[in-house]
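Residue strings, one per chain:
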Amino acid sequence: MISVRHLWAGYDGELVLEDVNLSVNKLDFIGLIGPNGGGKTTLLKVLLGLLSPMQGQVRIMGKDVPEGRRYIGYVPQTVAFDQDFPISVWDVAQMGRLGTRRLLQRYTAEDNEIVAQALRNVDMLHLRDRPIGTLSGGQRQRVYIARALAAEPKILLLDEPLSSVDFQVSKDIYELLSLLNEYLTILLVSHDMNAISSHVKTIGCLNRRLFYHAQRQITPDMMQAAYGCPIDLIAHGVPHRVFEQHDSEESRE
Amino acid sequence: MIEALQFDFMRNALLAGVFVSIACGIIGTFVVIKRIVFVSGGIAHAAYGGIGLGYYFKYSVLPILLADAAQARLDPRPGYYPLFGAILFSLVSAVAMGLVQRRTRQRADTVIGAMWAIGMATGIIFVDLTAGYKVDLMSYLFGSILAVQPSELLVILGLDIVVILLVVLFYKELVAISFDETFATVENVPVDVIYIVLLCMIALTVVMMMRVVGLIMVIALLTMPAAISGQFARDMRRMMMLASILGILFTTVGLWLSYAWNLTSGATIILVLGAAYLLSLAVKSLVRRQQAGNTSNGMV
């Protein structure tokens, strides 16, 4: 679905990503963690075509990024600025159809049906007329997921999806993502181990370099290599028992 | 007020207020939501360069071309030339400022600030260079809604229609870039082009407004009705409609007060708007407090 080969990227000569290789396969559910400044946002920008790589190749569904990104449903970090924005849940979700409707084209009945279905999938259709600012953090996250779904993507790309929600809400959203994973490939990034739950199928560490072996657990050599990560793992991961079934395995190693 | 309507200039002024308020409500909504007040100010002030240019052309260049200097100088009314100069200049500066913001790594606000001042300075120098009769350019700084000519009214109406048409055509893209530009980019919306179209619409609106409240107070008329309606509207369509209605109401009230008390009309309109804005803030905070009180009572 996504293939990243020998990617080097950064800004103004300042290197952020070094020789990143990643291949995302159909129906993967990958969680990438890494410290702030480790290049998560940069990697997302490259995948979304917002930043050109310095070197290396990125292909999405076998196509170059500008064309391939229409297969991606992007769910951004929820931010505070949209609290006051006068826009309804429906109108936000409808933006997912922008990519299929060119300039000067109006949304059709078919678009409306797709938007309604997307909102139904995230259980937000009943709030369709509510202004986005009146929703809770978790509800707003669901609307953004619906907006991504409305683009009828093959891949969901989530940026810090659970940065502003509490534990129960993040559990609900993970359950939703697991359901969607039945037919969608999912890649999410987060700086926080808490955000990566056992719903994720595989996990990787990103700190300038990417350490990803399509495995479910973080191996000691990955930790050592991406030395930014293990601190997070120890500080947050264990107390919240995110990887409880793997702790024993790892301690045996 | 009723007897004032028997004067042509009063009817023209009222109509100008209505036309301008409609564009203001629509475009002001984008300006407020997208927080591009500073760029809008820059475009407005740079437009003064066009007015200077228009005067220079009319009173210095055109008479030479037509060999009819005497007649050109006889007509002291600000007419088409400054208006079209302003339209041209503000459109050019809108595109330039948009490109600076999008394409260069310069500090965009510094560059816009410079263009703001350079535009105004250009206008002043061209007026200096203009031979002979110096028309009251203060009318562009502080507005002269009572001197709006029927011909200008037509231009204002034309600009209004252009602005409304563009907003209708590009509505979904305009909302998209206002709400979440990154997402719009990923969805292959031509965000830079749409943004520059928005700046051009601001330019056209600003030129219309200059006659009503003057360049210096343009930003107030552009933002305050939208800011008031933004506190109560649930979506952008309603925000635009309410802002337009409020604009019409307040320009009319302001015009009437200025007539009744013989005050400068532009400034009176702005003060009416300002009072309404402060009042709306007070009402809003009262409502919030009430709501907060209700929920906490409910929880107890």
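Attention in this report is confined to the structure presented alongside it. (Residues numbered from 1 in each chain as written. Chains lettered and ligands numbered in written order. Predicted model: local features only at pLDDT ≥ 70, side-chain atom pairs only at ≥ 80, totals over all residues.)

A word on the packing of helix α1 (residues 8-34) of chain B against helix α7 (residues 150-169) of chain B
Geometrically, a packed helix pair is captured by the angle between its two axes and the distance between the axes. All names here are of chain B. For the pair α1 and α7, the least separation of the axes is 10 Å and the interaxial angle reads 20°. Comparing their axes, α7 and α1 come out roughly parallel. Note on packing geometry: the crossing formed by α1 with α7 is left-handed. Along the contact surface, α1 presents Asn-12, Leu-15, Ala-16, Phe-19, Val-20, Ile-22, Ala-23, Ile-26 and Ile-27, while α7 presents Pro-150, Leu-153, Ile-156, Leu-157, Asp-160, Val-163, Ile-164 and Val-167. (Axes fitted to C-alpha atoms, helices over the stretch in contact; angles between N-to-C directions. Helix = DSSP H or I, 4+ residues; strand = E, 2+ residues; numbered from the N terminus. Parallel < 35°, antiparallel > 145°, perpendicular 65-115°, else oblique. Left-handed = near helix turned anticlockwise from the far one by under 90°. Contact = placed C-beta atoms within 7 Å.)

Quick look at the pairing of strand β3 (residues 29-33) of chain A
All names here are of chain A. Burial analysis of β3 places 5 of its 5 residues in the buried class, which makes it a mostly covered element. Side-chain alternation along β3 places Phe-29, Gly-31 and Ile-33 on one buried face and Ile-30 and Leu-32 on a second face that is also buried. Pairing of β3 with strand β7 (residues 185-190) involves 5 bridges; the strand directions are parallel. Of the residues in β7, the one forming a bridge with Ile-30 is Leu-187. Across 4 bridges, the pairing between β3 and strand β8 (residues 202-207) is parallel. (Buried ≥ 20, exposed ≤ 12 C-beta atoms within 10 Å, placed from the backbone. Pairing = 2+ DSSP bridges.)

Focus: the sheet that holds β7 of chain A
All names here are of chain A. Strands sit in the order β5-β6-β7-β3-β8-β9 across an open sheet of 6 strands; the sheet is mixed. The strands lining the two open edges of the sheet, one partner per strand, are β5 (72-75) and β9 (209-212). In this sheet, neighbouring strand axes are inclined to one another by 20° on average, regardless of whether the strands run parallel or antiparallel. Examined bridge by bridge, β5 and strand β6 (residues 155-159) share 4 bridges and lie parallel to one another. Residue pairing across strands places Tyr-74 opposite Leu-157, the latter belonging to β6.

Observations concerning the pairing of β7 of chain A
Residue and element names in this part refer to chain A. Most of β7 is tucked away: 6 of the 6 residues are buried. Burial along β7 is two-sided: Thr-185, Leu-187 and Val-189 and Ile-186, Leu-188 and Ser-190, pointing in opposite directions, are all buried. The pairing of β6 with β7 spans 5 bridges and is classified as parallel. Of the residues in β7, the one forming a bridge with Leu-158 is Leu-188.

Things to note about the interface of chain A and chain B
Taken residue by residue, the interface counts 20 residues in chain A and 20 residues in chain B. By residue class, the composition of the side of chain A that touches chain B is 14 nonpolar, 2 polar and 4 charged. (Nonpolar A, V, L, I, M, F, W, Y, C, P; charged D, E, K, R; others polar.)

A closer look at unusual backbone geometry
Residue and element names in this part refer to chain B. Phi at Asn-188 is positive, roughly 65°, even though this residue is not glycine. Residue position: Asn-188 is located in the loop between α9 (181-186) and α10 (191-213). One non-glycine residue, Asn-262, lies in positive phi territory at about 55°. Inspection of the secondary structure puts Asn-262 in the loop between α12 (236-261) and α13 (265-299). The exposure class assigned to Asn-262 is exposed, which follows from the 7 C-beta atoms found within 10 Å.

Some words on the nonpolar core
Residue and element names in this part refer to chain B. In this structure, Ile-43, Ala-47, Met-209, Val-218 and Leu-221 are the most contacted members of the largest nonpolar core, which totals 162 residues. Among the elements that make up this core, the one with the highest residue count is α10 (16 residues). Excluding residues that lie within four positions of it along the chain, Ile-43 makes contacts with Ser-90, Ser-93, Ala-94, Met-97, Leu-199, Ile-202, Ala-203 and Val-206. (Core = buried A, V, L, I, M, F, W, Y, C linked by C-beta atoms within 7 Å.)

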